[in-house]
Amino acid sequence: MRLLPAALLALGLLAVPAAAQTIRIGIASDPDVLDPTLSRSVAARQVFMAMCDKLIEVDDQGGLAPQLATAWEWQEDGRALLLTLREGVRFHDGTALDAEAAVAGLNRHMTASGSTRRGEMGPVTAIEAAGPMQVRIRLSEPFAPLLAALSDRAGMLVSPRQANVLGAEFQAAPACAGPFRLTRRVALDRIELERFEGYWNREAIHAERVIYRPISDTTVRAANLRAGSLDVIERVNPSDVGTLRGDRRVRLLEGPSLASVYIAVNVANGPRSDTPLGRDPRVRAALEASIDRDILNRVAFEGLFRPGNQSTPPGHPQHIASLPVPGRDVARARALLREAGQERVRVKLSVPNTTEYVQAAEVLQSMAAEAGIALELQVTETATLLRQWTAGDFEALIIAWSGRTDIDGNLWGFNACRESLNGGRYCSEAADAAMREGRTRVDPAARLAAYGQAMEILLRDRPYIYLWHPTWFFGTGAAVRGLRMVPDGLIRLQGLRLS
């Protein structure tokens, strides 16, 4: 705690009261790229909530609601999706949203070099204007998860004029169709936005400016909230929950999440996959057997999170209840290592430089050591870690996926052969076939059965070892009103105000 005053002063905001029209938000890490086509980080998704409206929104219950699209319907036996666009929408550079602009934005997700949206959109064969304000997405086969994808970054549209002018530099001056536009970014320090006066839903926006501050230490974020230098903070650490609950200067909000946290293993991405952990699923099984998720939750998170072994939390309609969380078995872990020809194994585990991950990694390190697995923790800034994941510059890493309303958004891009989010380059024809069956069926029971088959394979091969599902705890100043707790964990600016 001796570092706390310096950290507070570093914000440069303690002595200056916030103007009533400025909302200051503390986020857990610095975003990667401020381009919805290329972005991978959850921090960028937080900022996009101010910058980039989506075709479809997620409501407070996790359902789908209109945003830039006012209506949608499946056609041609599920092989086409027709979207009706909202009238009167403009991008930040003044360009009007119409069918032509929407087609350009969606095609950009499909064709841009480095796009991480391509896999989320599924088997798209064509995107076409079906009228001045209607877009039709054609598919080679039915693809049920498309609507959920369009409720996230795949549904964020950018100005075709700005994208054409700036090209690869679009992220420096992005032009979306959201309530705020970027004015300044200082890497690792702040992102400043100002209200876009041409926003279609302007009456729902009460602030003139928004400032995002990346602060990786959860206790420092909470301290700055209590000191009044931040108005909203995300992802309050369970160790800070009691303190905030007892402080009348702040409010604590709680809600369920779609997120999951896991260890990702490099099984085939470059020379750093050539390790006992990467080569042999028995070593990965030994690592999992060394972990007691219940103790991990109690020690690192005050028992406030949910242990998990899947990409969807318990209670989610696509959670596979027949695959329960396994218990700890150190003797089995040691036997698996011997079976794999190993007595002791050393694993370099990359860890994001945030409090919750470091705490959890230290608990995992202690548990694994008892089974003969030495975890060497390499604490790394989140955006750097994500780049290393893509490049295959890791042995194993612990990271979160913020979760999607449809399980396909949690599985396909991370596990299917050659997909962009599959940093460890895991590839299984059997898993691909089961996941493809799930994403191309419409009947919920048939989809659940297919994903059950996929999860059996994935839990056996362990390209990922799922650990826990967070509960969202967000904090606000006492003067803040209108913060909605949505299961995707993203802060909406619509309705948010300082009283």
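A quick note: this is a predicted structure, and the numbers were derived from the prediction, not measured.

Conventions adopted
- Residues numbered from 1 in each chain as written.
- Predicted model: local features only at pLDDT ≥ 70, side-chain atom pairs only at ≥ 80, totals over all residues.
- Heavy atoms only, no water.
- pLDDT = per-residue confidence, 0-100.
- Contact = heavy atoms within 4.5 Å.
- 1 Å grid on protein atoms, 1.4 Å probe; cavity = no way out; pocket = protein on both sides within 12 Å on 5 of 7 lines; lining within 4 Å.
- Points joined across faces, edges and corners; volume = space filled by probe spheres on them.
- Helix = DSSP H or I, 4+ residues; strand = E, 2+ residues; numbered from the N terminus.
- Disulfide = S-S within 2.5 Å.
- Axes fitted to C-alpha atoms, helices over the stretch in contact; angles between N-to-C directions.
- Parallel < 35°, antiparallel > 145°, perpendicular 65-115°, else oblique.
- Left-handed = near helix turned anticlockwise from the far one by under 90°.
- Nonpolar A, V, L, I, M, F, W, Y, C, P; charged D, E, K, R; others polar.
- Buried < 20%, exposed > 50% of the residue type's maximum accessible area, 1.4 Å probe, protein only.
- Polar contact = N/O pair within 3.5 Å; in protein donor to acceptor, adjacent residues only side chain to side chain.
- Phe/Tyr/Trp six-rings, centres within 6.5 Å; stacked < 30°, edge-to-face > 60°.
- Lys NZ or Arg CZ within 6 Å of the ring centre and 35° of its normal.
- Pairing = 2+ DSSP bridges.

## Some remarks on the confidence of the model for the protein chain
Argument step 1. Looking at the protein chain as a whole, the pLDDT averages 94, with 96% of positions reaching at least 70.
Argument step 2. Scored below 50 in pLDDT, residues 1-19 shows 22 contacts in the model against residues more than four places distant or in partner chains.

## Quick word on empty space enclosed by the protein
It is the rolling of a water-molecule-sized probe over the atoms that shows where space remains empty.
Argument step 1. Using the criterion set out here, one finds eight cavities of 30 Å³ or more in the structure.
Argument step 2. Empty space within the largest cavity amounts to approximately 200 Å³.
Argument step 3. Lining the largest cavity are 18 residues, and of these Ser41, Val42, Thr382, Ile399 and Ala400 sit closest to its centre.
Argument step 4. Considered as a void within the structure, the second largest cavity measures approximately 150 Å³ in volume.
Argument step 5. Lining the second largest cavity are 15 residues, with Glu120, Ala149, Arg404, Asp408 and Gly409 positioned closest to its centre.
Argument step 6. For the lining of the second largest cavity, the secondary-structure elements that each account for two or more residues are α4 (118-121), α5 (146-149) and α15 (408-415).

## Looking at the state of the cysteines
Argument step 1. Summed over all chains, the structure comprises two disulfides.
Argument step 2. A disulfide bridge connects cysteine 52 with cysteine 176, and the sulfur atoms are separated by 2.1 Å. A torsion of 55° about the S-S bond marks the disulfide between cysteine 52 and cysteine 176 as right-handed. With a gap of 124 residues between them, cysteine 52 in the loop between α2 (42-51) and β2 (56-58) and cysteine 176 in the loop between α6 (160-166) and β8 (180-186) connect regions that are remote in the sequence.
Argument step 3. Across the disulfide, cysteine 417 is cross-linked to cysteine 427 (sulfur-sulfur distance 1.9 Å).

## Here we look at the packing of helix α11 (residues 293-301) against helix α13 (residues 355-369)
Argument step 1. Here α11 crosses α13 at 135°, and the two axes come no closer than 9 Å. Classified by the angle between their axes, α11 and α13 sit oblique to one another. The element α11 and its partner α13 pack so that their crossing is right-handed. Here Ile295, Leu296, Val299, Ala300 and Phe301 of α11 lie close against α13, whose contacting residues are Glu356, Gln359, Ala360, Val363, Leu364 and Met367.
Argument step 2. Broken down by class, the residue content of the contact of α11 with α13 amounts to nine nonpolar, one polar and one charged.

## Observations regarding helix α7 (residues 218-227)
Argument step 1. Within α7, seven of the 10 residues are buried, leaving the element largely enclosed by the surrounding structure.
Argument step 2. For α7, the set of buried residues is Thr218, Val220, Arg221, Ala222, Ala223, Asn224 and Leu225.
Argument step 3. For α7, the N-terminal cap is aspartate 217; the gap from its side-chain oxygen to the backbone nitrogen of threonine 219 is 2.9 Å.
Argument step 4. At the C-terminal side of α7, glycine 228 shows a positive phi close to 90°.

## What about the environment of glutamate 234?
Argument step 1. Of note, glutamate 234 is situated in the loop between β11 (232-233) and α8 (238-245).
Argument step 2. Excluding anything up to four places from it in sequence, glutamate 234 contacts Gly26, Ile27, Ala28, Gln46, Arg221, Phe473, Phe474 and Ile491.
Argument step 3. At 2.8 Å, the side chain of glutamate 234 and the backbone nitrogen of alanine 28 are in polar contact.
Argument step 4. Engagement of the side chain of glutamate 234 in a polar contact is seen with the side chain of glutamine 46, the distance being 3.0 Å.

## As for the packing of aromatic side chains
Argument step 1. Within the structure shown, the criterion is met by 11 aromatic pairs.
Argument step 2. Geometrically, the ring pair formed by tyrosine 262 and phenylalanine 414 is edge-to-face, given 6.4 Å between the ring centres and 75° between the ring planes. Taken together, the residues span a long stretch of sequence, with tyrosine 262 in strand β13 (residues 260-265) and phenylalanine 414 in helix α15 at a distance of 152 residues. Summarising the burial analysis for this pair, tyrosine 262 and phenylalanine 414 share the class buried.
Argument step 3. One aromatic cluster is present, built from ring pairs that chain together Tyr262, Trp389, Trp401, Phe414, Tyr464 and Tyr466.
Argument step 4. Above the plane of the ring of tryptophan 200 lies arginine 86, whose end atom (NZ or CZ) is 4.1 Å from the centre.
Argument step 5. Between the NZ or CZ atom of arginine 108 and the centre of the ring of phenylalanine 170, over which it lies, the distance is 4.8 Å.

## Some points on the layout of surface pockets
Argument step 1. The volume enclosed by the largest pocket comes to roughly 560 Å³.
Argument step 2. Considering the residues around the largest pocket, the lining is formed by 33 residues, among which His316, Pro317, Gln318, Thr405 and Asp406 are closest to the centre.
Argument step 3. Counting only elements with at least two residues in the lining of the largest pocket, the list comes to α5, β12 (250-256) and α17 (444-461).
Argument step 4. Top contributing element to the lining of the largest pocket by residue count: α17, with four residues.
Argument step 5. Here the lining of the largest pocket is composed, by residue class, of 19 nonpolar, nine polar and five charged.

## Things to note about unusual backbone geometry
Argument step 1. One non-glycine residue, leucine 188, lies in positive phi territory at about 65°.
Argument step 2. Its place among the elements puts leucine 188 in the loop between β8 and β9 (190-195).
Argument step 3. Even without a glycine there, the phi angle at arginine 418 is positive, about 65°.
Argument step 4. By the element assignment, arginine 418 lies in the loop between α15 and α16 (429-439).
Argument step 5. With a relative accessible area of 74%, arginine 418 lands in the exposed category.

## Overview of the sheet that holds β13
Argument step 1. Pairing within the open sheet is mixed, and its six strands lie in the order β14-β18-β13-β17-β15-β16. Lying at the two open borders of the sheet, with one neighbouring strand each, are β14 (306-307) and β16 (373-380).

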